[in-house]
Amino acid sequence: QVQLVESGGGLVQAGGSLRLSCAASVASGTIFSINAMNWYRQAPGKRRELVAAITRSGSTNYADSVKGRFTASRDSAKNTVYLQMNSLKPEDTAVYYCNVVNILVGYWGQGTQVTVSS
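Each value, and the rule that gives it
Residues numbered from 1 in each chain as written. Predicted model: local features only at pLDDT ≥ 70, side-chain atom pairs only at ≥ 80, totals over all residues. Heavy atoms only, no water. Helix = DSSP H or I, 4+ residues; strand = E, 2+ residues; numbered from the N terminus. Buried < 20%, exposed > 50% of the residue type's maximum accessible area, 1.4 Å probe, protein only. Pairing = 2+ DSSP bridges. Phe/Tyr/Trp six-rings, centres within 6.5 Å; stacked < 30°, edge-to-face > 60°. Lys NZ or Arg CZ within 6 Å of the ring centre and 35° of its normal.

To continue, consider the environment of V105. In this fold, V105 is placed in strand β10 (residues 105-108). Note on V105: relative accessible area 39%, which makes it partly exposed.

Written out as structure tokens, the structure is:
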């Protein structure tokens, strides 16, 4: 079993910054072999969308809407990924979720609320 815990959300004014963290805890005896750790977000009334992904090798991919503003990074030793969010916009308001797929099984964190005021 894999448990994901996000933190770092909050309320910020437009133009501000937040840094999200996602720590993965792996139960004893569980094989942890993932290709990427992902950040998704879901705004009220909208579908959950992929925001950023960071692979085991450190390669990153971003949604067009956040390119140049968000940066994903990871600390492999801690099984933790981060999402640095700069120049935040009101449309970035959403619940942000961490996600991994471990041996064909998907895991989600509980989500952290990000609210950007105009």
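Attention shifts here to the pairing of strand β8 (residues 80-85). With 5 of 6 residues buried, β8 is to be regarded as a mostly interior element. Two strands pair when backbone bridges link them, and strand β3 (residues 18-26) and β8 are joined in this way by 6 bridges, in the antiparallel orientation. Across the sheet, L20 pairs through a bridge with L83, a residue of β8. In this structure, strand β7 (residues 70-75) lies alongside β8, joined through 6 bridges in antiparallel fashion. Within β8, the residue paired with F70 across the bridge is M85. With antiparallel pairing between neighbouring strands as the criterion, β7 and β8 make up a hairpin whose turn holds 4 residues, including N79 at a positive phi of roughly 50°.

As a further point, take the packing of aromatic side chains. Enumeration according to the criterion identifies 2 aromatic pairs in this entry. Summarising the aromatic geometry, the rings of Y40 and W108 are spaced 4.9 Å apart at their centres and angled 65° between planes, so their arrangement reads as edge-to-face. Within this pair, whereas Y40 is found in strand β4 (residues 34-42), its partner W108 is found in strand β10, the two being separated by 68 residues in sequence. Ring centres of Y97 and W108 lie 6.3 Å apart, and the angle between their planes is 85°; this geometry places the pair in the edge-to-face category. Here W108 lies in strand β10 and Y97 lies in strand β9 (residues 94-102), a separation of 11 residues in the sequence. Overall, the relative accessible area of 39% leaves W108 in the partly exposed class. Through successive ring pairs, a cluster of aromatic residues spans Y40, Y97 and W108. Its guanidinium or amino end placed over the ring of Y97, R48 lies 3.8 Å from that ring's centre, counting from NZ or CZ.

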